Amino acid sequence: MNVKKYMDGRSQETISSAVMTADGKLVMESIVETKASTILQFVQGLHGDLHVTLEEDTWAAWLYDLLKPHVTELVVCDPA
């Protein structure tokens, strides 16, 4: 299954995410701790090709570097 993972709502404490199929069907929503090991555990629990989109903000570079080796595609977009 082709899974797209969208991450948003990053803060020092949590990241909100929505996991969707390639055709846009919502599979799950989750809030995970903003901690490298917790984020990677969450991502590694998802099977299939992972396409991640996240918004550009102060956390984007750190999150990009963390996720890039673990996903098929990673896009950082302008929230405006």
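Residues numbered from 1 in each chain as written. Predicted model: local features only at pLDDT ≥ 70, side-chain atom pairs only at ≥ 80, totals over all residues. Heavy atoms only, no water.

Trainee: Even after reading the chapter, I still don't get helix α2 (residues 60–67), so can you show me in this structure?
Mentor: Each full turn of the α-helix corresponds to 3.6 residues, which orients residues three or four apart in the same direction. For α2, the full list of buried residues reads Ala 60, Leu 63, Leu 66 and Leu 67. The buried residues of α2 all sit within an arc of 130° when viewed along its axis, so they share a single face. Pointing more than 90 degrees away from the buried face of α2 are the exposed residues Ala 61 and Asp 65. (Buried < 20%, exposed > 50% of the residue type's maximum accessible area, 1.4 Å probe, protein only. Helix = DSSP H or I, 4+ residues; strand = E, 2+ residues; numbered from the N terminus. Arc of directions from axis to C-beta.)

Trainee: So what exactly am I meant to see when it comes to the pairing of strand β4 (residues 50–55) here?
Mentor: Moving residue by residue along a regular strand, the side chains alternate between the two faces of the sheet. For β4 and strand β5 (residues 73–77), the ladder comprises five bridges, and the chain directions are parallel. Directly across from His 51, in β5, lies its bridge partner Glu 73. (Pairing = 2+ DSSP bridges.)

Trainee: Please clarify how the environment of Val 19 should be interpreted in this entry.
Mentor: Here Val 19 is to be found in strand β2 (residues 14–21). The exposure class assigned to Val 19 is buried, which follows from its relative accessible area of 1%.

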